[in-house]
Amino acid sequence: MLARLIAYPPDAAAVSRWLQPDERLRIGRDPACDLVIAHPSVSRMHAELYHQDDRWRLRDLGSKNGSFVDGIAITDHAVPGDCWLRFGDSHCDFGVFDAAQAEALRGRQLARRALSQALVRKVSQQADSLPAHVLRGVVELAGCSRGFLLLSDPRIGEFTVRASLKLDPDALDDRAFSGSVGAVQSVLADGKPLVVNDIGNEGWLASRASVITGGLTTLVCLPLFDGRCVFGAVYADRRGPGEPVTEFELELLSAFTESATLYLLAHRAMASLDGAPRWQTIVDRQTALAGPAP
């Protein structure tokens, strides 16, 4: 039976690894590991998954903070077909699949890649409401339910919302927005994409009143670049369960937004874009428009 392990690093896309029965997967903080989890609670060589006597097993490699199967500390233990593994404070989802199930999941990836390409073509054909089409593409690819798109407006020196999906534009401010404005500010400041698959375990997010009120579980925020300068961002989030945003989805999202940005820049000076509604400003451009560090 094939196995799949999905790790949830902090502030990053989930990492998915498939294992054949003749493989061993070494897990730890060391770059030499097969699955690297860069978290201080994870030891350099923390644990390994291996197959024996027709079962998958997990062996702790003398880690400081322990290895757990469904919350139970183990040293060398058989792993159920579907369970949660924990290494230090880092959680992973483990599952076992037959060949047909594994092929269906790989087929889903091919379908999502085709969807990404179709969305790029759709955006390229839009002359009107371009920001809205870009936003819808990101929300759909990320498996989210709502979001908004920000673009800088040099005339007023601020970022403004140019498209919103299932969000009241008048509510997009620090006081009322039931999402994470802090995530958007972070992306605008450092130019790095942000993915959080388990908001409840991210201390800097879980304690925010806006996140608690919104009941959020997953968020994605991607920067939009004009050269080396961040000139906008796309935010999407989700309430409730759903598929994790993995490195594969982040690759598709990054490729989509990179292509879409070319069209946004091309249309930026056109009357159709300049005449779009100027909704609530939620980020101060003077403190956020720094772009990535050289």
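A brief report on the enclosed structure follows. Computed from a prediction, not measured in an experiment: that's the story for all the values here. (Residues numbered from 1 in each chain as written. Predicted model: local features only at pLDDT ≥ 70, side-chain atom pairs only at ≥ 80, totals over all residues. Heavy atoms only, no water.)

1. Points about helix 6 (residues 247–267)
- Given a rise of 1.5 Å per residue, 21 residues ought to cover 30 Å, and the 30 Å separating the end C-alpha atoms of helix 6 matches this to within 8%.
- Along helix 6, the residues that are buried comprise F248, E249, L250, L252, L253, F256, T257, A260, T261, L264 and H267. (Helix = DSSP H or I, 4+ residues; strand = E, 2+ residues; numbered from the N terminus. Expected span 1.5 Å × (residues − 1). Buried < 20%, exposed > 50% of the residue type's maximum accessible area, 1.4 Å probe, protein only.)

2. Observations concerning the side chain of T160
- By the secondary structure assignment, T160 is in strand 13 (residues 158–165).
- Polar side-chain contacts of T160 include one of 3.3 Å to the side chain of R162. (Polar contact = N/O pair within 3.5 Å; in protein donor to acceptor, adjacent residues only side chain to side chain.)

3. So, the side chain of S67
- Residue position: S67 is located in strand 7 (residues 67–69).
- Among the polar contacts made by the side chain of S67, one reaches the side chain of H46 at a distance of 3.5 Å.
- In this structure, S67 is in contact with H46, A47, L58, D60, I72, A73, I74, R86 and F87, ignoring residues within four places of it in sequence. (Contact = heavy atoms within 4.5 Å.)

4. Some thoughts on the packing of helix 1 (residues 99–124) against helix 6
- Viewed as axis vectors pointing N to C, helix 1 and helix 6 meet at an angle of 10°, and their least axial separation amounts to 9 Å. The angle between the axes of helix 1 and helix 6 places the two elements in the roughly parallel class. Side by side, helix 1 and helix 6 meet where R108, Q109, R112, R113, S116, L119, V120, V123 and S124 of the first sit next to F248, E249, E251, L252, F256, S259, A260 and Y263 of the second.
- In terms of residue class, the contact of helix 1 with helix 6 is made up of eight nonpolar, four polar and five charged. (Axes fitted to C-alpha atoms, helices over the stretch in contact; angles between N-to-C directions. Parallel < 35°, antiparallel > 145°, perpendicular 65-115°, else oblique. Nonpolar A, V, L, I, M, F, W, Y, C, P; charged D, E, K, R; others polar.)

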